[in-house]
Structures are given as C-alpha cells and as structure tokens.
Amino acid sequence: MAYQDGKKPRHTAGSRSSGSSQRPAGKRFSQNGSSSRPQAYTPSSYGAGSSRAASHRARISGASHARHGAHGGAHRAGVQAAYTRKSAQQQAKQPVVPLIIAIIVVLAVFAGIVFVGVPAIQGLFQGEQEPAVEAGIEVQINIPEGASGDQIASILSQNHIIEDPQNYYAAVRELQADTQLKPGDYILTTGMDPLDVVRQLIAGPNVDAISLTIQEGLTVDQTAARVEETLGIPASDFLAQAKASNYVADYPFLEGAYNDSLEGFLYPKTYSFTDEPTADEVIRVMLDQFETETEGLTLTEGANGLTLQQLVSLASLVERETAVADERPQVASVIYNRLDANMPLQIDAAIVYARGGGSGPVTYDDLEIDSPYNIYQNTGLTPGPICSPSVSSIEAAVSPADTNYLYYVLSPDNDGTHRFSETYDEFLANREEYVESRS
C-alpha cells in the first residue's frame with residue numbers, strides 16, 4: 001500500500017489498526033485485586049476513635065477457722081472470759097496521749113510520701129515535662145492537596161497550632177467540616193483555638209501564593225518548561241536536578257528508574273508556592289504528591305507480574321491513549337492482552353516520545369526510529385514511562401478490566417471515547433465508521 005506525503009495510516013491497539021494481517025487469539029486477562037484512591041477529608045478520617053481498656057480486679061478473701069476440742073470446752077470458755085475482762089481493764093488504764101501523738105506522726109509521714117515522694121518517683125519514670133510552646137507565634141504551613149485527616153492533624157500538632165490531635169478531630173466533627181477543608185498555604189498561630197483553626201481551613205488559604213499547574217500527560221521536559229514559565233527557574237537547572245539518584249534515598253519508589261530519570265513521577269497537580277522555591281524544592285513537592293496519591297495502591301509490591309517501574313510505564317501509555325477516565329481500565333486490558341499474545345503494542349504516543357516530541361502526526365519514517373521506545377518494532381512495554389500519569393491511569397494499570405480486547409479505535413461519535421474489539425475484522429469495521437464520520 002502506498003503512503004501519501006510520507007505518512008503511514010495509524011493502525012495500532014489504540015485508535016489504530018494492527019500492523020499485522022494475522023489475527024492472534026488474545027489470552028483473557030484475569031483481574032487481580034482492586035485498588036482505591038486515597039480520599040481527602042472523608043468523615044472516617046477525622047474520627048477521634050476512642051478505645052476502652054478494661055481493668056480486671058481479683059478479690060482474694062481469706063477465711064480463718066478455729067478448732068475447738070471436744071473436751072474441756074467449758075473450762076476454756078471460763079478462762080477466756082476472765083482473760084477478756086482483765087484485758088479490757090488494763091487497756092482502759094493505758095494513757096491516751098501517746099496514742100494520739102503516734103497517729104499524728106504516722107499521718108505526717110504519709111503526707112510527706114504523697115507530696116514529696118510520689119512526684120519524685122513519677123519524675124524518675126516520666127522525665128521532665130517539655131515546656132509548652134509559647135502561644136501566639138505565627139507559623140506558616142502547607143496542607144497538601146488530597147491530605148487525609150490524620151495528615152492534617154499531624155501537621156497542626158507538629159507545628160504546635162493544636163497540640164492534641166483529638167481536639168482537632170472534635171472541632172471538625174462539631175463544625176461538620178469533613179469535606180470542606182481546603183488545601184493550600186496558611187499562616188496560623190501556636191496555641192490557636194481548634195474551632196478557629198478549622199474555620200480558617202474551611203475558608204481556605206490565607207497566604208498569597210504563585211500557582212503552578214502541571215497537567216496530566218506532561219513529560220519531564222514539558223514540566224521543566226512550565227516551571228520556568230511560572231516560577232522563573234531555568235528549565236536547564238530543573239532538568240539537571242531532576243535525576244532519580246538525587247532522591248532515591250528519600251523516595252524508595254524511584255529505585256530502578258530507567259536512565260536515572262524522574263519521568264512518570266513528577267505528579268500532575270496544581271501547586272502553590274509562597275516564596276521563590278528552588279528546583280529541588282519543586283521536585284520534592286511533586287514527589288511527595290506522587291507518594292500521597294498512590295498511598296493505597298501498594299505499588300512497591302508490584303501487580304499482575306509487573307514491577308513498580310513497569311506499572312508506571314504502562315500507566316503512562318494509558319494516560320496518553322485516552323482522556324476518558326472511565327475507559328482507562330479497558331485500554332489497560334488491551335495492553336495486557338497484547339503483552340500476553342506477544343503482539344507489539346503499536347502506540348503512537350511512544351513513537352512521539354522516541355522522536356523527541358512534537359504535535360505532528362506519526363509518519364512512516366517515524367516508525368523506523370531506532371529506539372527502545374519504538375513499540376511498533378519492539379514487543380513489550382517501553383523501558384520507562386513516557387509521561388506523568390494521573391492516579392486513575394495508575395489504578396487502571398494495577399486493576400485493568402477483564403476483557404479479551406486486542407484493538408480499539410476512536411468512536412464515530414467524536415466525543416473522545418473509543419470502540420473496543422476482540423478481532424481484527426471488528427476493528428476494521430469500527431475504523432471504517434470512524435473515517436466516514438470525519439468525512
């Protein structure tokens with residue numbers, strides 16, 4: 001078939017036809033497990049959660065038994081009665097004053113133990129109590145987007161704004177603010193009233209800040225350009241700092257990052273900065289956000305036979321193939337099914353990455369690029385991510401849909417969705433409908 005203008009018709013698993021005329025049978029992928037995205041400000045996150053410790057006290061009661069002989073009982077009884085009367089008379093003659101003095105001495109000793117000894121003993125076990133931080137000192141904090149109730153309570157406690165996290169939880173419950181707290185930068189003071197703190201978190205950030213928006217699907221190079229445009233940090237400085245080896249000690253999920261790159265891990269979000277941050281500070285904020293967003297996915301354990309690095313690579317392909325969150329698990333299933341069938345993934349976004357970017361269509365010449373990212377020529381995943389995926393794409397990589405799909409193409413409805421198919425013939429029919437809808 002001849003190609004006009006040096007362009008090759010797009011035919012891949014994603015929005016394109018297969019590069020092979022054969023129709024391999026796909027292996028059905030079984031979905032393993034499920035994942036949930038960490039949610040910010042859920043009611044359960046703010047519950048004080050009290051536990052009660054039960055104490056068990058055993059009472060030991062003793063009984064004494066007197067044994068009486070069968071003989072001489074009356075004689076002993078008489079002697080006992082006489083002895084008792086004599087003892088009573090003797091006790092009545094004893095002076096009362098020494099007894100009173102003895103009681104006073106005992107009470108004085110006991111008081112000394114209570115007021116002197118007990119605190120000293122407690123000091124031995126508890127140590128000196130740390131003096132409270134002076135109230136009214138201004139503190140600037142940042143509440144990350146997606147932060148849980150426990151994380152917010154920890155930030156407030158560590159900065160001595162609300163010393164006891166339980167008081168924070170109680171204030172949130174009283175104001176019914178579970179879902180109203182806003183992320184951002186705040187200036188608060190130490191020792192604030194918990195209700196006033198929560199009211200401010202409801203009202204929103206009270207510090208002027210510069211917003212940096214990193215969209216889903218951006219590469220490290222594109223992120224560097226956005227940072228330069230917004231924050232004035234030269235892109236070259238940002239890229240020089242954006243090496244996995246600079247951060248792997250603090251962020252273990254970067255272990256094994258391909259080509260020492262942070263590609264795929266600079267999480268896409270809107271960030272706010274009150275000062276003039278360094279490249280290092282911006283990168284750390286993004287890595288922190290990646291850690292927060294993926295907290296419940298147990299990525300370090302891997303999934304579906306893939307490592308963490310491979311899962312993020314697969315998620316980056318999903319991110320670039322569809323903007324519709326609901327169909328990302330289906331796109332992921334196509335990728336898994338093609339991997340199982342040893343079929344090339346044939347995803348154009350990887351070719352664009354291999355050629356260094358650009359917005360033009362993929363051409364026949366592009367498909368000849370010698371690169372490990374050329375997944376028209378090479379089977380398997382790309383060696384590393386091709387962009388920064390959203391958490392929904394990462395979730396799809398961890399928990400794909402259970403399908404036999406091997407192909408998908410843009411829908412003739414032209415709404416950004418795709419039509420999925422199991423056979424090549426179905427794919428050709430779907431592609432024909434899409435082409436006709438564009439004519």
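On a predicted model such as this, the values are computed, not experimentally measured, just so you know.

Participant: Teacher, can you tell me more about the overall build of the chain here?
Facilitator: Looking only at helices and strands, the chain has 14 helices and 6 strands in total. Split into buried and exposed, the 439 residues of the chain put 38% on the buried side. In the chain, the share of contacts with a sequence separation of at least 24, taken over all contacts with a separation of at least 6, comes to 67%. Only carbon and sulfur atoms are counted for the fraction: they give 50% of the accessible area of the chain, which is about 25,000 Å².

Participant: What's the story with the environment of R284 in this structure? I'm lost.
Facilitator: Tracing the sequence through the fold places R284 in helix 9 (residues 279-293). Measuring from C-alpha to C-alpha, the distance between R284 and Y247 comes to 8.3 Å, with 37 residues separating the pair along the chain.

Participant: Help me understand the packing of aromatic side chains, please; the structure alone is not making it clear to me.
Facilitator: How two aromatic rings sit relative to each other is given by the distance of their centres and the angle of their planes. Counting across every chain of the model gives 12 aromatic pairs. When the ring of Y258 is compared with that of Y373, the centres are 6.2 Å apart and the planes differ by 75 degrees; the resulting orientation is edge-to-face. One end of the pair, Y258, is in the loop between helix 8 (235-241) and strand 4 (270-273); the other, Y373, is in the loop between helix 12 (348-354) and helix 13 (391-398), and 115 residues separate them in sequence. Look at Y373 and you get buried, because its relative accessible area is 10%. Seen in terms of ring centroids, Y407 and Y424 are 6.0 Å apart; in terms of plane orientation they differ by 50 degrees. Their pairing is tilted. Here the residue Y407 occupies a position in strand 5 (residues 407-410), and Y424 occupies one in helix 14 (residues 424-438), the gap between them amounting to 17 residues. Owing to a relative accessible area of 0%, Y407 belongs among the buried residues under this scheme. Through a chain of ring-to-ring contacts, three or more aromatic side chains come together here, namely Y251, F253, F265 and F290.

Participant: Just checking my understanding: could you explain the pattern of salt bridges for this structure?
Facilitator: Side chains that carry opposite charge are capable of pairing whenever their charged atoms lie near each other. Considering all chains together, one arrives at 8 salt bridges under this definition. With a shortest N-O distance of 3.3 Å, E293 and K269 are connected by a salt bridge. Highlighted residues: E293 in helix 9 and K269 in the loop between helix 8 and strand 4, separated in sequence by 24 residues. Across the pair, K269 and E293 agree in class, each one buried. Where R355 meets D366, a salt bridge forms, and the shortest distance between an N and an O atom there is 2.7 Å. Of the two residues, R355 is situated in the loop between helix 12 and helix 13 and D366 in the loop between helix 12 and helix 13; the sequence distance between them amounts to 11 residues. Residue D366 is classed as buried on the basis of its relative accessible area, which comes to 12%. Where salt bridges share partners, they join E145, K269 and E293 into one cluster.

Participant: Explain the layout of surface pockets here, please?
Facilitator: Space inside the largest pocket adds up to approximately 960 Å³. Lining the largest pocket we find 42 residues, and of these T219, R320, A349, V352 and Y353 sit closest to its centre. Counting residues per element, the ones that place at least two in the lining of the largest pocket are helix 7 (220-231), helix 10 (308-321) and helix 12. A breakdown of the residues in the lining of the largest pocket according to their chemical character gives 15 nonpolar, 16 polar and 11 charged. One number sums up the size of the second largest pocket: a volume of about 640 Å³.

Participant: Please clarify how the packing of helix 4 (residues 149-158) against helix 5 (residues 165-175) should be interpreted in this entry.
Facilitator: The geometry of helix 4 relative to helix 5 is characterised by a closest axis approach of 9 Å and an angle of 125 degrees between their N-to-C directions. When the interaxial angle is binned, helix 4 and helix 5 end up oblique. The handedness of the crossing between helix 4 and helix 5 comes out as right-handed. Here G149, D150, I152, A153, L156 and S157 of helix 4 come into contact with helix 5, specifically with P165, Y168 and Y169.

Participant: Sorry, what's going on with helix 13 here?
Facilitator: Note: α-helices contain 3.6 residues per turn, so residues at a spacing of three or four share the same orientation. Among the 8 residues of helix 13, 7 are classified as buried, and the element is accordingly described as predominantly covered. Of the surrounding secondary structure, the elements contacted by the buried residues of helix 13 are helix 9, helix 10 and helix 11 (328-340).

Participant: So what exactly am I meant to see when it comes to the nonpolar core here?
Facilitator: Looking at soluble globular proteins, one finds that nonpolar side chains tend to be buried together. Counting residues in hydrophobic clusters, the biggest one holds 61 residues, and the most contacted among them are F238, L254, V282, L287, L314, L317 and I335. Element by element, the count of residues in this core is highest for helix 10, at 7 residues. Among residues more than four places away in sequence, those in contact with F238 are T223, A224, V227, L266, A279, V282 and I283. If you look at the next biggest cluster of nonpolar residues, it comprises 24 residues, including L156, Y169, A171 and L181.

Participant: How should unusual backbone geometry be read in this particular structure?
Facilitator: A negative phi angle is the norm for most residues apart from glycine, just as the trans form is the norm for most peptide bonds. A positive phi angle is found at T298, which is not glycine, with a value near 45 degrees. Mapped onto the elements of the fold, T298 is located in the loop between helix 9 and helix 10. A relative accessible area of 40% places T298 in the partly exposed class. Positive phi, normally seen in glycine, also occurs at N414, with a value near 55 degrees. Assignment of secondary structure puts N414 in the loop between strand 5 and strand 6 (418-421).

Participant: Just checking my understanding: could you explain the packing of helix 11 against helix 13 for this structure?
Facilitator: For any two helices packed against each other, one specifies the inter-axial angle together with the distance between the axes. As a packed pair, helix 11 and helix 13 sit with axes 8 Å apart at the nearest point and diverge in direction by 45 degrees. Relative to helix 13, helix 11 is oriented oblique. The crossing of helix 11 and helix 13 is right-handed. Contacts between helix 11 and helix 13 pair R328, P329, A332 and Y336 from the former with S392, S393, A396 and A397 from the latter. Considering only residue class, the contact of helix 11 with helix 13 consists of 5 nonpolar, 2 polar and 1 charged.

Conventions used here
- Note on numbering: residues in each chain are counted from 1, in written sequence order.
- Given that the model is predicted, a residue must reach a pLDDT of at least 70 before its local features are reported, and side-chain atom pairs must reach 80 or more before they are shown or counted; all residues, however, enter totals for whole chains, interfaces and linings.
- Only hydrogens and water are set aside; all other atoms, that is, all heavy atoms of the structure, feed into the side-chain values.
- To qualify as a helix, a DSSP run of H or I must reach at least 4 residues; to qualify as a strand, a run of E must reach at least 2; elements of each kind are numbered from the N terminus.
- Classification of residues uses two cut-offs on accessible area relative to the type maximum, computed with a 1.4 Å probe and protein chains only: under 20% is buried, over 50% is exposed, and between them is partly exposed.
- Residue contacts are defined here by distance: any two heavy atoms, one from each residue, within 4.5 Å place the two residues in contact.
- A 1.4 Å probe and the Shrake-Rupley method give the accessible areas. Residues count as covered only by the protein chains that appear here.
- The criterion for an aromatic pair is that two Phe, Tyr or Trp rings (for Trp, the six-membered ring) have centres within 6.5 Å, with stacked assigned to planes under 30 degrees apart, edge-to-face to planes over 60 apart and tilted to the rest.
- Salt bridge criterion: a side-chain nitrogen from Lys or Arg within 4 Å of a carboxyl oxygen from Asp or Glu.
- Buriedness for pockets is judged along seven lines, at least five of which must meet protein on both sides within 12 Å for an open set on the 1 Å grid over protein atoms alone, while cavities are sets there where a 1.4 Å probe fits but cannot get out, and lining residues have an atom within 4 Å of a point.
- Grid points are joined across faces, edges and corners, and a volume is the space filled by probe spheres set on the points.
- Here the nonpolar group is Ala, Val, Leu, Ile, Met, Phe, Trp, Tyr, Cys and Pro; Asp, Glu, Lys and Arg are the charged ones; every other residue, Gly included, is treated as polar.
- Helix axes are fitted to C-alpha atoms over the stretch in contact, other axes to C-alpha atoms as well, and angles between N-to-C directions run from 0 to 180 degrees.
- Comment on the angle field: the value is read as roughly parallel under 35 degrees, roughly antiparallel over 145, roughly perpendicular from 65 to 115, and oblique elsewhere.
- Throughout, a crossing is termed right-handed when the near helix is turned clockwise from the far one, and left-handed when it is turned anticlockwise from it by less than a right angle.
- We call a set of buried residues a nonpolar core when its members are Ala, Val, Leu, Ile, Met, Phe, Trp, Tyr or Cys and they connect through side-chain atoms within 4.5 Å of each other.

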